[in-house]
Amino acid sequence: MILTETPILIPPVATDNVTDLLEQRVAATPDLILFATPDGDSWNDMTAAEFRNKVVAVAKGFAAAG
């Protein structure tokens, strides 16, 4: 078995929520690729800033829908 470790980029704070964590990640590493999404036979990388923009767009849609 191969063991790998990744150093933590954002230290945890007990009062943080998922929104705080995303905002901290975007502030620290906006161009870091967080994950990839499937697109047919390929994958599209998504940066922290792109993901935050999508989260904000969905939240605005929920707010507009009541």
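Above this note sits the structure.
Conventions adopted
- Residues numbered from 1 in each chain as written.
- Predicted model: local features only at pLDDT ≥ 70, side-chain atom pairs only at ≥ 80, totals over all residues.
- Heavy atoms only, no water.
- Helix = DSSP H or I, 4+ residues; strand = E, 2+ residues; numbered from the N terminus.
- Buried < 20%, exposed > 50% of the residue type's maximum accessible area, 1.4 Å probe, protein only.
- Contact = heavy atoms within 4.5 Å.
- Salt bridge = Lys/Arg side-chain N within 4 Å of Asp/Glu carboxyl O.
- Axes fitted to C-alpha atoms, helices over the stretch in contact; angles between N-to-C directions.
- Parallel < 35°, antiparallel > 145°, perpendicular 65-115°, else oblique.
- Left-handed = near helix turned anticlockwise from the far one by under 90°.

Caption draft 1: Local environment of the side chain of Thr47. Along the chain, Thr47 falls in strand S2 (residues 42-47). Here Thr47 falls in the buried class, since its relative accessible area comes to 15%. Setting aside anything within four residues of it in sequence, one finds Thr47 in contact with Pro30, Asp31, Leu32, Ile33 and Leu34.

Caption draft 2: A look at the pattern of salt bridges. Per the counting criterion, the structure on display carries one salt bridge. Two residues, Arg52 and Glu23, come together in a salt bridge whose shortest N-O distance is 2.7 Å. Of this pair, Arg52 sits in helix H2 (residues 48-65) while Glu23 sits in helix H1 (residues 18-28), and the two are 29 residues apart along the sequence.

Caption draft 3: Representation of the packing of H1 against H2 within the structure. In contact at an axis separation of 9 Å, H1 and H2 are set at 140° when each is read in the N-to-C sense. By the angle between their directions, the pair H1 and H2 is classed as oblique. Note on packing geometry: the crossing formed by H1 with H2 is left-handed. For the pair H1 and H2, contact is made by Leu22, Glu23, Arg25 and Val26 and by Ala48, Ala49, Phe51, Arg52 and Val55, respectively.

Caption draft 4: A look at the environment of Leu9. Tracing the sequence through the fold places Leu9 in the segment before H1. Among the residues examined, Leu9 registers a relative accessible area of 47% and is labelled partly exposed. A sequence separation of 49 residues divides Leu9 from Val58, and the C-alpha atoms of the two residues are 26 Å apart. Not counting the four nearest positions on each side in its chain, Leu9 is found in contact with Arg25, Thr29 and Leu32.

By themselves, these figures tell us nothing about what the structure is for.
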